[in-house]
Amino acid sequence: MAAVVPSFAQRFPLSFFTSSRTVTRFPRISNFRNINVHSLAANGFSWDDVFSVSKIDDSLHLQGYLEKVKICNRGSEKKSEFVPFLVGSQIVGYVHKGFLDHLKKFQDVFTFPKDDHQRNFAGDFIALHPSLDRPDVRTEAVGDVIKELGKEVIPGIRNELYPVTSSFGMPIFFSLERAAAPYFGIKPHGISCKKNLLKECEEEAGIPPSISDTAVSVGAVSYADIDGHRYKRDVLFCYDLELPDGFIPSNQDGEVESFKLIPIAKVANIIQRTEFFKPNCCLVIIDFLVRHGYINPDDYGYLQLLQCLRDGDCS
């Protein structure tokens, strides 16, 4: 969510990070910024350092912002190492060619055709076996594979399922273990955006539905992160939310250490010059800066930055 406060001088960014349990990722900006004191101490970067950096006002053009976007889109040159993952004729994800060797042990679950022009593309791909013709059957079959691979290949099995679709809002083909999602290059999603917005606002910042329900959808940003055999394709839905004067966020689920009030101009400098904020949260805040005029067309690299904010597959 992004806060929109009427007076220009009163705008302050806040991003409280989404729970790692959350199926749909929601970026947030509001009137405060959450911090993790322990991680700050571990990195030797104090709030005094943060405020010192934020006082610097020399121009770096937009290079600092572009670098943060690039961090989220690491490994883009390795996309050719992945092949499409299909259910029927629909692409639902991408699998690394090296990871295919593990899946070829399960010929009753996956097939590996080549040059199938009827599917509108040529080359290698992996598909669910056509005998798996119902979502529950597919979920069970793939789940058995993941349990087997979880012993050595896929770490961090959590017994938490993500729905698998071809694109946002489309029918669910089956459900996949969360830890395995990056290995199949799927876009996980669960409850609706609005329901998750209300849920996360309350859990992470104590914002009641009476306030969070006024949040306004303002678009989305996207990125694609490739790390080894893992292909993470994320779309982050952005919202604007104005908080009442005097409202102080209060974490409810134990996943936010504290909140800190920082003017947006200072946050902009911190993003430009440090790696203090979580990379994908930087994308959301940069989008906020563009939409509210802190970054404008006269800044060198403006159009390149706009394009990079949606480098991922928005589907």
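For every chain, the first residue of the written sequence is number 1, and numbering continues from 1 onward in sequence order. Reporting of local features is limited, given that this is a predicted model, to residues whose pLDDT is at least 70; pairs of side-chain atoms are given and counted only at 80 or more, and all residues count toward the totals for whole chains, interfaces and linings. Side-chain calculation: all heavy atoms of the structure are included, whereas hydrogens and water are not.

## A word on the pairing of strand 9 (residues 230-240)
Point 1. The element strand 9 is extensively covered by neighbouring structure, given that nine of its 11 residues are classed as buried.
Point 2. For two strands to pair, DSSP has to find at least two bridges joining them. Segments assigned H or I by DSSP are reported as helices when at least four residues long, segments assigned E as strands when at least two residues long, and all are numbered from the N terminus. Inspection of the sheet shows strand 8 (residues 216-227) paired to strand 9 by 11 bridges, in the antiparallel sense. Along strand 9, the bridge assignment pairs aspartate 225 with lysine 232.
Point 3. Hairpin geometry of strand 8 and strand 9 is characterised by an intervening segment of two residues between the two adjacent antiparallel strands and by a positive phi of about 65° at glycine 228. When a residue's accessible area, from a 1.4 Å probe over protein chains only, is under 20% of the maximum for its type it is buried; when over 50% it is exposed; and in between it is partly exposed.

## A look at the pattern of salt bridges
Point 1. The term salt bridge refers to a pairing of a side-chain nitrogen on Lys or Arg with a carboxyl oxygen on Asp or Glu at a separation within 4 Å. Summed over all chains, the structure comprises 12 salt bridges.
Point 2. The shortest N-O distance in the salt bridge between glutamate 200 and lysine 199 comes to 2.7 Å.
Point 3. Relative accessible area serves as the criterion here: at 0%, glutamate 200 is assigned to the buried category.
Point 4. Of the charged contacts, one joins arginine 291 and aspartate 287 as a salt bridge, the two residues approaching to 3.0 Å between their closest N and O atoms. Of the two residues, arginine 291 and aspartate 287 both sit in helix 10 (residues 279-291), four residues apart, roughly one turn of that helix.
Point 5. What makes arginine 291 partly exposed here is its relative accessible area of 30%.

## Here we look at helix 10
Point 1. If you check helix 10, its first and last C-alpha atoms are 19 Å apart, about what 13 residues at 1.5 Å a residue would give, namely 18 Å.
Point 2. Where burial is concerned, most of helix 10 is hidden: 11 out of the 13 residues are buried.
Point 3. Taken as a whole, helix 10 has its buried residues at Asn280, Cys281, Cys282, Leu283, Val284, Ile285, Ile286, Asp287, Phe288, Leu289 and Val290.
Point 4. Count one or two residues on from helix 10 and you reach glycine 293, which has phi positive near 85°. Expected span of a helix: the number of residues minus one, times 1.5 Å.

## A word on the packing of aromatic side chains
Point 1. Between rings of Phe, Tyr and Trp, where Trp is taken as its six-membered ring, a pair exists when centres lie within 6.5 Å; planes separated by under 30 degrees are stacked, by over 60 edge-to-face, and by other angles tilted. In this structure the tally under the stated criterion is 10 aromatic pairs.
Point 2. When the centroid spacing of 5.4 Å and the interplanar angle of 50° are considered together, the rings of phenylalanine 85 and phenylalanine 184 count as tilted. Here phenylalanine 85, found in strand 2 (residues 82-87), pairs with phenylalanine 184, found in helix 6 (residues 181-184); they are 99 residues apart in sequence, far enough to count as distant. You'll find phenylalanine 85 and phenylalanine 184 in the same group, each marked buried.

## Focus on unusual backbone geometry
Point 1. Phi is positive for asparagine 159, which is not a glycine, with a value near 55°.
Point 2. Residue placement: asparagine 159 occurs in the loop between helix 5 (135-149) and strand 6 (161-164).
Point 3. Overall, asparagine 159 belongs to the exposed group, its relative accessible area being 68%.

## A look at the environment of isoleucine 157
Point 1. For isoleucine 157, the position within the fold is in the loop between helix 5 and strand 6.
Point 2. A residue is classified by how much of its surface remains accessible, and isoleucine 157, at 36% relative accessible area, is partly exposed.
Point 3. The contact partners of isoleucine 157, leaving out residues within four places of it in the chain, are Ile146, Gly150, Glu177 and Ala179. The contact criterion used is simple: two residues touch if any of their non-hydrogen atoms lie within 4.5 Å.

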